[in-house]
Amino acid sequence: LIDVPGHEKFVKNMLAGVAGIDMVLFVVAADEGVMPQTVEHLHILHLLGINKGVVAITKCDLVDAERLELIREQVAELLAPTSLADAPVIAVSSVTGENIEELRSLLDEVAATVPERPCVGHCRLPLDRVFSKAGFGTVVTGTLWAGKLENGQKVQLWPSGGLARVRGLQVHGDAVETALAGQRTAVNLAGPAAESAQRGGWLAEPGLLRESFRIDIELRLLATARPLTQRSRLRIHHGTSEALGRVNLLDREELKPGESCFAQLQLETPLPPLRGDRMILRAYSPMITIGGATVLDADPPRHKRYQQLVLDALAKKAAGDDGENLLDLLRQAGAPLSSEALAQAAQAPQAELMPYLTDFLASGRICSLDVDGETQYWLPETEEML
């Protein structure tokens, strides 16, 4: 269980805790009702795509039936346009015990519908705690986003880039040989680089994460936000990391509330996102959540605005076509690439790319040639340059 702070001053801490969760128990106090931070927390859950949860109206013993019904209506209206619109709502009291057992049953029922995270892809762990333990050394904790971690595995720390070895793993306090995607994981690290681990950093497979100062995104502005103007300064939250940056709207001068568009973030300090990651965007001042973003390209060139070719390419990436993304990487390279080089450029396991390469070869969309025992791939239109 991850308990995140509700007060508006600690939303930054909430954002660190909410990274990687699959389900939520959303709490509204009957005596206070829906508060500003209640709304912001719900917006963040919605922007992260979290759609499994239970809503508990607490302290129902402190209000009469009329007040409780009013709170139920407020909550239903608040949830309606969000990813938690279908979440069951239950009124409880920890003092009298009213509906506590029913709440437990609801949590079990909803938890049973949460799909397991696939343990494929490269392992990534956003770090929410780092500490030193006598006799063990550096220990880091977080929720494993993807893949799996194994005892003895070599890992790389970001932002230092230092390599370390997994000396021990725990999941919910139990020692394990392997930690899987979605699990709360504590990792005991060995090696001099372990000391460079920091809260807000990352642990991942060596060579996976690259620092990005420029990121292509699909930006979604909340309906409750103010219009977002060109070059606005924002706070960008990714996993447990935070960076400041400015937004370059690629097809307009201003993004209106409730709308979305393609944009490019220019960061003041780097982040290490992968394509498809979700980010939370907050205003520089006042510090409130205004929207979210999906990463389309973590290493793009600087774009000129109002370029239809750029917008069309981003639309393809937004459609989630991994095959088209591979073709784009080959097009950008303008030279033959091995499957290993393609996997590194795409930041994806080779096994996930091979079906696309096989299909493209069969259809003639790409060409291949064995060079010193290694298969190289390229686009037919670049053949004249070879």
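Everything that follows concerns the structure shown earlier in this document.
Here's a quick rundown of the structure.

Definitions and cut-offs
- Per chain, residues are indexed from 1 in the order of the written sequence.
- Given that this is a predicted model, residues contribute local features only at a pLDDT of at least 70 and side-chain atom pairs are listed and counted only at 80 or more, while totals for whole chains, interfaces and linings are drawn from all residues.
- Hydrogens and water molecules were not included; the side-chain quantities draw on all heavy atoms of the structure.
- Think of it this way: any DSSP run of H or I at least four residues long counts as a helix, any run of E at least two long counts as a strand, and we number them from the N terminus.
- Each residue's exposure class comes from its accessible area (1.4 Å probe, protein chains only) as a fraction of the maximum for that residue type: buried when under 20%, exposed when over 50%, partly exposed otherwise.
- Pairing of N or O atoms within 3.5 Å defines a polar contact, subject to two protein rules: one partner must be a possible hydrogen donor and the other a possible acceptor, and residues neighboring in sequence count only if both atoms are side-chain atoms.
- Contact definition: two residues touch when any of their heavy atoms are within 4.5 Å.
- What counts as a salt bridge is simple: a side-chain nitrogen of Lys or Arg found within 4 Å of a carboxyl oxygen of Asp or Glu.
- Whether two strands pair comes down to DSSP finding at least two bridges between them.
- Helix axes are fitted only over the stretch in contact, all axes being lines through C-alpha atoms; the angle between N-to-C directions runs from 0 to 180 degrees.
- For classification purposes, an angle smaller than 35 degrees is called roughly parallel, one larger than 145 roughly antiparallel, one from 65 to 115 roughly perpendicular, and anything else oblique.
- Put simply, a crossing is left-handed when the front helix is turned counterclockwise from the back one by less than a right angle, and right-handed when it is turned clockwise.
- The nonpolar class holds Ala, Val, Leu, Ile, Met, Phe, Trp, Tyr, Cys and Pro. Asp, Glu, Lys and Arg form the charged class, and all remaining residues, Gly among them, are polar.

Digging into the side chain of Q264
Point 1. Tracing the chain through its elements places Q264 in strand β19 (residues 260–271).
Point 2. For Q264, a relative accessible area of 3% gives the class buried.
Point 3. Among the polar contacts made by the side chain of Q264, one reaches the side chain of D216 at a distance of 2.8 Å.
Point 4. There is a polar contact of 2.9 Å between the side chain of Q264 and the backbone oxygen of P301.
Point 5. Beyond its immediate chain neighbours, meaning those up to four positions away, Q264 contacts R214, I215, D216, R246, V247, N248, L250, P300, P301, R302 and H303.

Details of the pattern of salt bridges
Oppositely charged side chains can pair when the atoms bearing their charge come close.
Point 1. Tallied over the entire structure, the rule returns 13 salt bridges.
Point 2. Here R282 ties to E40 by a salt bridge, and the two come within 3.0 Å at their closest N and O atoms. Of this pair, R282 sits in strand β20 (residues 278–283) while E40 is found in helix α2 (residues 36–47), placing the two residues 242 residues apart along the sequence.
Point 3. By relative accessible area, which is 4% here, R282 ends up buried.
Point 4. For E40, a relative accessible area of 10% gives the class buried.
Point 5. R252 is the partner of D251 in a salt bridge, and the nearest nitrogen-oxygen pair spans 2.9 Å.
Point 6. What makes D251 partly exposed here is its relative accessible area of 26%.
Point 7. Using a relative accessible area of 21% as the deciding quantity, one classes R252 as partly exposed.
Point 8. Ionic contacts of the salt-bridge type, sharing partners, join the residues D251, R252 and E259 into one network.

Describing the pairing of strand β21 (residues 289–297)
Point 1. Burial analysis of β21 places nine of its nine residues in the buried class, which makes it a mostly covered element.
Point 2. Relative to β21, strand β14 (residues 212–221) is paired through six bridges, and the arrangement is antiparallel. The residue bridging L219 from the neighbouring strand is A293, located in β21.
Point 3. When β20 meets β21, the two strands line up antiparallel, connected through five bridges. Bridge pairing in β21 places I280 opposite G292.

Remarks on the packing of helix α1 (residues 11–18) against α2
Point 1. One way to put it is that α1 packs onto α2 with a least axis distance of 11 Å and a crossing angle of 30 degrees. One way to sum up the angle between α1 and α2 is to call them roughly parallel. Here α1 and α2 pass one another in a crossing that is right-handed. On α2, the residues touching V11, M14, L15 and V18 of α1 are E40, H41, I44 and L45.
Point 2. Split into classes, the residues belonging to the contact of α1 with α2 amount to six nonpolar, one polar and one charged.

So, the sheet that holds strand β24 (residues 374–378)
Point 1. Strand order across the open sheet formed by three strands is β22-β24-β23, with antiparallel pairing between neighbours. Strands at the two margins of the open sheet, each flanked by one partner only, are β22 (337–338) and β23 (367–371).
Point 2. Bridging between β23 and β24 involves five bridges; their strand directions are antiparallel. The residue of β24 that forms the bridge with D370 is T375.

Comments concerning the sheet that holds strand β1 (residues 24–29)
Point 1. Within the open sheet, the three strands sit side by side as β1-β2-β3. Their pairing is parallel. With partners counted over all chains shown, the strands left at the sheet margins are β1 and β3 (89–91), one partner each. When the angles between neighbouring strand axes are averaged without regard to direction, this sheet yields 25 degrees.
Point 2. For β1 and strand β2 (residues 53–58), the ladder comprises six bridges, and the chain directions are parallel. Counterpart to V27 in the pairing with β2 is A56.
Point 3. Along the sheet, helix α4 (residues 100–111) contacts β1, β2 and β3; its crossing angle with β2, the most-contacted strand, is approximately 165 degrees.

Some remarks on unusual backbone geometry
Point 1. Residue P159 is reached from W158 by a cis peptide bond, and omega for that bond is 20 degrees.
Point 2. With respect to the helices and strands, the residue P159 is situated in the loop between β8 (154–158) and β9 (163–171).
Point 3. Between S285 and P286 the backbone carries a cis peptide bond, its omega angle lying at -5 degrees.
Point 4. Inspection of the secondary structure assignment puts P286 in the loop between β20 and β21.
Point 5. A positive phi angle, near 60 degrees, is found at K59, a position not held by glycine.
Point 6. Relative to the assigned elements, K59 resides in the loop between β2 and α3 (65–79).
Point 7. If you check the backbone angles, R231 has positive phi at about 70 degrees while not being a glycine.

Nothing here speaks to function; it is all geometry.
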